[in-house]
Amino acid sequence: MRVPIIAANWKMNITPSQAVNFVKEFETLVRQVSNTEIVLCPSACAIESTKRALQNPAIKTGAQNIYFEEKGAFTGETSLEMIKDLGCEYVILGHSERRTLFAESNEMINKKVKKSIQQGLKPILCIGELLTERESGKTEAVVSSQLEGSLKDLDAASLKDLVIAYEPVWAIGTGVTASPEQAEDAHRFIREWLSGKFGSELAESTRIQYGGSVKPDNARELMNKPNIDGALVGGASLVPSSFAAIITHSTN
Ligand code: PGA
């Protein structure tokens, strides 16, 4: 059985002190939740205050990005060692905003995935197609080439903690969600791809989150689908009551 994983991607929102207030309110709202893994991914500078404010050890933290070099002259970057030192368990990699606004290639993402695994951090690897790609029937080709490139030279054993987030780019921050059927089709395809490449055991155990305008009122329907194992939530994770509602609606 795959334990669902619901993660908040706060992006460049929520300051360190706002994070403390968020955590106080949020923890009370999700204290009954036990069958879902919850992850908060603050900006790098708010990880420490988030972590310190958390009382419930079952709520995990993650970073939104890292650089693949260990240390050195890389102004403005954050290393895995730094993120680990703050107590993060997860790291989001290859988010579409990183791919489009910061020109991250599959090759760079592959280096980051490898480094994260080496250092014991669990990658949440984001993939997903643009609207034009979907409209021209290229969704599966795009998703498989992102998977191929980002997971190059890795094997099933090293990928046991991998989480994949399928996020159609046209649904991110737009208010337009993929229908549960569209999302399920893509998730099923991803699982089949994993099975073909790494074997059915890894494919069956890998959690695949859906991301793109997840809200309290569409979360349950999405997560009821057999291949959707959680969500990566942007906008609706910025308010404790709405992020908590996404979790409680999809788990009760
Ligand atoms: P959204 O963002 O929920 O605001 O669409 C999701 C994401 O970018 O991970």
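Residues numbered from 1 in each chain as written. Predicted model: local features only at pLDDT ≥ 70, side-chain atom pairs only at ≥ 80, totals over all residues. Heavy atoms only, no water.

Caption draft 1: Structural context of the packing of helix H10 (residues 216–223) against helix H11 (residues 240–251). With their axes 8 Å apart at the nearest point, H10 and H11 run at an angle of 30° to one another. As summarised for this structure, H10 and H11 are arranged roughly parallel, according to the angle between their axes. For H10 against H11, the interelement crossing comes out right-handed. Only Ser 242, Ala 245, Ile 246, His 249 and Ser 250 of H11 make contact with H10, whose side of the interface consists of Pro 216, Ala 219, Arg 220 and Met 223. Class assignment of the residues belonging to the contact of H10 with H11 gives a composition of 5 nonpolar, 3 polar and 1 charged. (Axes fitted to C-alpha atoms, helices over the stretch in contact; angles between N-to-C directions. Helix = DSSP H or I, 4+ residues; strand = E, 2+ residues; numbered from the N terminus. Parallel < 35°, antiparallel > 145°, perpendicular 65-115°, else oblique. Left-handed = near helix turned anticlockwise from the far one by under 90°. Contact = heavy atoms within 4.5 Å. Nonpolar A, V, L, I, M, F, W, Y, C, P; charged D, E, K, R; others polar.)

Caption draft 2: View of the sheet that holds strand E3 (residues 59–63). The 8 strands lie next to each other as E1-E2-E3-E4-E5-E6-E7-E8, forming a closed barrel whose pairing is parallel. Mean inter-strand twist for the sheet, computed between neighbouring axes without regard to direction, equals 25°. With 2 bridges connecting them, E3 and strand E4 (residues 90–93) associate as parallel partners. Residue pairing across strands places Ala 63 opposite Val 91, the latter belonging to E4. Contacting strand E5 (122–127), strand E6 (163–166) and strand E7 (207–211), helix H8 (residues 180–198) runs over the sheet at an angle of about 150° to E7. (Pairing = 2+ DSSP bridges.)

Caption draft 3: Main features of the state of the cysteines. Counted by the stated rule, this structure contains 0 disulfides. Considering cysteine sulfurs only, Cys 88 is the nearest to Cys 41, which forms no disulfide, with 7.6 Å between them. For Cys 41, a relative accessible area of 0% puts it in the buried group. (Disulfide = S-S within 2.5 Å. Buried < 20%, exposed > 50% of the residue type's maximum accessible area, 1.4 Å probe, protein only.)

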